[in-house]
Every structure is written in C-alpha cells, then in structure tokens.
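# Structure at a glance
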Amino acid sequence: MIKRFRIREGIQPFEHMEEFRNALSAPARRKVFSEHLAPGYAHQYDALSLYQALRTPTKISTVIDYVLFTLLPDVDPFEGNMPEEYKSVLYFGRDPLTKDHLVLLDATVEHGDLPHVEEYEFTRPDGIIDEERQRAWSRVERSDALASMWRIYLVRPDSYTSREFVFSLCQQAAADPRVLAPYLPTRLTRAKVLAQHMLAERFLIADGNLPQTGDEISRISTRWAKMEEQQEASLGMQVSTSHLVDMILPLLNDVPLTAELAPKDLNTKLSEHRRALEEAATKAMESNA
Amino acid sequence: MSTKVYNGFRLVAGADPFDFLAHAQGALVPLRDRLDAQSLMQSYAASCDQLAFASHTDNKPQSIQEHARQSLVLLGRLPESALWLKDPHAIAIWLGWEPVSRRYMGFVNSSAQEVTDAVWSFSEVEQFDYWDNADQPQGVSKADWQERAQAWHRMIHPALDEHCMHWEGKSFNLDQYYDDVLAQPALLREAHSYKARAERLATWLLGKQKRIADKALTAYSHVSKHPRRFSGESHREWELLEQGIIERVAKQVQPLLDPLPYQVTDVFSPTPHLRDAAARLEALVCNELARSAQAWLAKREG
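Report on the accompanying structure. (Residues numbered from 1 in each chain as written. Chains lettered and ligands numbered in written order. Predicted model: local features only at pLDDT ≥ 70, side-chain atom pairs only at ≥ 80, totals over all residues. Heavy atoms only, no water.)

### Notes on the packing of helix α1 (residues 17-54) of chain B against helix α10 (residues 273-300) of chain B
Residue and element names in this part refer to chain B. One can describe the packing of α1 onto α10 by two numbers: an axis separation of 7 Å at closest approach and a directional angle of 80 degrees. What the angle tells us is that α1 and α10 run roughly perpendicular. On α10, the residues touching Asp 49, Ala 52, Phe 53 and Ala 54 of α1 are Leu 274, Arg 275, Ala 278, Leu 281 and Glu 282. Counted by class, the contact of α1 with α10 contains six nonpolar, no polar and three charged residues. (Axes fitted to C-alpha atoms, helices over the stretch in contact; angles between N-to-C directions. Helix = DSSP H or I, 4+ residues; strand = E, 2+ residues; numbered from the N terminus. Parallel < 35°, antiparallel > 145°, perpendicular 65-115°, else oblique. Contact = heavy atoms within 4.5 Å. Nonpolar A, V, L, I, M, F, W, Y, C, P; charged D, E, K, R; others polar.)

Listed below in structure tokens is the structure:
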C-alpha cells in the first residue's frame, strides 16, 4: 500500500519524529497484540487449564516465546527476519522547486491518520492524473526513486530494530497484561481453537507421540496455530468440531490478565471435563479418519 | 555501557537537512561506485595475474562480469548475521533533530573511512564524533567534549531510532553490489593500476614462498619458529625487510603483466610472459627470504 501526502506549511518533519513514529507504530502494535499476543496468551491459558499443567507460577512472559515462535516461525528469533506483512516505512523528501515536504507511506499494515499532513496523491479517485502533483513527485523522487529521501522504518524485513520493536511490545504486555484486554478473542474463537488443538493432539497420540510433560503440552498448543493448515491438508482432516466446541463453550471463563499465573488461577471446569472432551475429540477424529 | 559514535557529525546552525541530503547523495554515491570499482578491479586483477603466473587448474580465464558474479557467490556464503556487512561499501546516514542545542546531528554508517571523511569535509558539517571509553582526541577542548557527551546522551536515549531518520546509499542489498560499476568501463579503467597489481602479485608470491621456506630454508625456519624474538621492534624490522622484498620483486613483475579487458564480457587471455618468468621470480623471492632471514638473525643474535 503506497499513500502520498504533503506536510503542512511550516512543519519541519525532523522536529516531529516522535509523532510520525507513533503513527507508524500504532497499527503494527494493534496487529501484534490482536493477531499474536492476545490470542496466543488466551490459548496458552485454556490449554494449561485443560491439563492443569501449571505446577509452578508462570509469568505472562511465556507469551513472548509464543509470539516469537509464531511471528518469526522459521528462524532464530535473535537473528531472523520480520515478515513482510509488517513492512512499514515513511519516506520524506523536499520538492526542490516549491520547497514543499512530501511524504510517501509504504506499508502493508493499514494505517490511520498521519499527523501534520494532507493527502497528496497524483491519481485522483476518478482515475484522472493531477499533473502538477505528478510533476512535484517526480522532482522529489527523481530518477533514483526513493534514494533521495529520508526515511523512517518501523519494521523492515532485515532490521534488528524491527525485532526490537516486537520485543518491546512483548515486554509491555509482560509488564501490564491488561494492555491485551481489548484484543482478547471471543469465547467462541477460544473454544474453536481449543477444539482444534485437542484434535491435533489426538492425531499426535494416534501417531504414537503422546505428550508427557507440561512443557510438551504447552509446546503442542503453541505450535498448533502454525500446524493447522498443514495438518488439515496432510491428514485430510475434514472433521466438524462443532460438537466439541459446544461442549467447551460453557466451560470457559475470563482469561486472567495478571503478571503471574498460579495453579489456583487455572480454570478447573475445563480440567474436570477433560476426559469427556478427549473422548469427544477422539470420536471426531476416528469418524473422519 | 560505553558510548562510541566514531563517525558522528553535526550540521552547522541553520543548515537544512534536505539540502544536506542532496549534497550527501551527490558526493557519496559516486564515491561508493569508485570504491566498488577499486575492490572489483583489485580482486579481478589478482585472479587474472595468479592465473597468468601459476595456471591454476581451478582458476579458468574469465570476464570481469563472471568474476563479479563468482565473488558475490562467495560473499553470499557469509553467515546471515552479517547480512548488512555483505556489501562492504554500503552507506547509510542517520540524522536527527536535537531540540536542546537546536541542531541536527547524526552519524555515518559505513566501513569505508573515505565516506566519513567526505561527509566531515562538507561545508555545512562539523565533525562531532564522541566516545567515552578512551580519552578525548587532541585539539578538542574539555568543554567541547562535554557538550558532545551531553548531546549524544540525549540523542541515543532512550533509543536512537526514536530521534533519527536515515538515508541509504542503495547497496545494502548484496544483489546490487557491482551492478553500477559494471556499467561504467571508465570507472573500472580508472581503478586499475599496474603498480598496485605488481605489488599484490609480489605479496602473494612472498606468502607462497614463505610457506615453502618454513620447511626448506634453515635461516627463515629459525626466524619463524622463535615467536618471542619475533615480536615488538624485531617484528617491525622484519616487516620492513619483507616490504623491501615485495618492492624489488614488484619491479621485476610489473613489465610482465598483461593488460586487463575493461569490456565486462571480454575474457582475460594471458600471454606466456609471467608463466615463463615464474621459476625465476620464485627463486628470486626464495633468495631474498634467505638473505633477509640471515641478516635479521645476525643482527638479533649479535
């Protein structure tokens, strides 16, 4: 997504760096919280409750492992690259003729309003080219495209600072888990994810890979989101999870957003019905095997 | 944690960051291309000259273009963690507004000192480097050094990213490395020097002969097996002796070197001059090594 703007007269972009960076980071922050951290944490909580696997108090920082695993799936989190879907760059140039400052936003994440700018596209909504604006942009970008512009990267695929950005979000969530509250999935979504997790676990057990420890259970649950599509494809899994979801739904309670979880915080209703849920999951798997 | 901004600079009061960028781009991109051309021609010439001298079976005649391609393959084998270092002449400039001093300050990110020197030479730029892990340099007053310390402290806390924009002189991506210079034969020709080639070939020859001499020459073997005597002043003396060997051999090598093609697709075809002289040059280096080692030992051992 490319969007073009002009900075309002009298505004020097370097003096408003913090506002521009915040405008870039807010949507990426929402995306990381809503797509990774909050659902990841909720599912961790439900899976741990189901198995009552929590023997010692655990910090919400386990979520950090989760987000790094899912966000940076194929690489070492300390060395790897950010996915392209988080790309988010602002380019600043100055028109040598009019001295206007022009801004180009190149981002995959949907952005809200940038501060101190007005829209300055050269293609109008009706498809007509605004030649004056087009000339202004060609003077700024010149023949070497974006090489003549200053830039702010929030996230770029090969950047260490991009990973730092994700780490900082994880640390925010670990320090005050309540920031995740607006992004927690609905009970129905949680029930569906837990049902899929149980089915995946039944497949693993049928394959002779019985999880033994709390760590293993946790690992399965965190990997499930990634494996889901591959499992469905490779195992021909066409199982309807609706019955299982119906059983899980009334058992769910609110996810506690506390900095540390203790065994007493776990949802005992889920564990009390664990055998019945596992039987339902096994039946669902066998009926579709 | 120490602060080290070796390539720091500051714009003079009233300077515009966009004028500075236009200036930097105009000056640094051609400089980067020249550095690329120099390193490409250095490694290409070394490859051609070693082929002409020794006819390595695994070192076939090749074009500049093919040599550049193979060099990129080799560079690409570096570990992923060194990704941004893959292009040795990548250039970036970071710049931010420092509201207390009301000045723009930043630093150059480049492994080539020529790039930083070029930026420091701009009329709108003041050198503003700073470090706190060693003494301040001569010529900078205590008050100035303190001002730099405070300004950089404000700039890099809590995070440099929050205060700076940056500009990249393209070739952070290895795929683009060499592209611009391969299209500029004049730049390649300018980067070529018979004298430098001869010195590199002589250096290579010396290294090769030292490995042989380590076993075959009594005096040199004695020198290389006594590292404690071979340190400090003694080591510097030995380096001077080696430099003398290189210079004498290079004088003999230079007239034998073949011209290199500058059209990127032309293949280098060596004439037999160097190959014919190989045995004589190797013997020359060997004799020089023996003589130097004897002289060096005689001086050390009275």
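### Concerning the packing of helix α7 (residues 194-216) of chain B against α10(B)
All names here are of chain B. At a closest axis distance of 10 Å, the pairing of α7 and α10 adopts a crossing angle of 60 degrees. By the angle between their axes, α7 is oblique relative to α10. In the packing of α7 onto α10, the handedness of the crossing is right-handed. Touching Leu 201, Leu 205, Leu 206, Lys 208, Gln 209, Lys 210 and Ala 213 of α7 are Leu 274, Leu 281, Glu 282, Val 285, Cys 286 and Leu 289, all from α10. Tallied by class, the residues present in the contact of α7 with α10 amount to nine nonpolar, one polar and three charged. (Left-handed = near helix turned anticlockwise from the far one by under 90°.)

### Here's the deal with unusual backbone geometry
A negative phi angle characterises most non-glycine residues, just as the trans form characterises most peptide bonds. Its identity is not glycine, yet A:His116 carries a phi of approximately 65 degrees, on the positive side. Mapped onto the elements, A:His116 comes out in the loop between β4 (101-107) and β5 (117-119). Unlike most non-glycine residues, B:Arg102 shows phi in positive territory, near 55 degrees. Position of B:Arg102 relative to the elements: it lies in the loop between β3 (92-98) and β4 (103-109).

### Regarding the interface of chain B and chain A
As a measure of interface size, the accessible area lost when the parts come together is often cited. Tallying the contact residues gives 22 residues for chain B and 23 residues for chain A. Across the chain B/chain A interface, buried area totals approximately 2200 Å², and carbon plus sulfur atoms make up 59% of it. A:Arg94 is the salt-bridge partner of B:Asp19, the closest N and O atoms lying 2.2 Å from each other. Run the count over chain B and chain A and you get four residue pairs in polar contact (both at pLDDT 80 or more). (Buried area = accessible area lost by both parts, 1.4 Å probe. Salt bridge = Lys/Arg side-chain N within 4 Å of Asp/Glu carboxyl O. Polar contact = N/O pair within 3.5 Å; in protein donor to acceptor, adjacent residues only side chain to side chain.)

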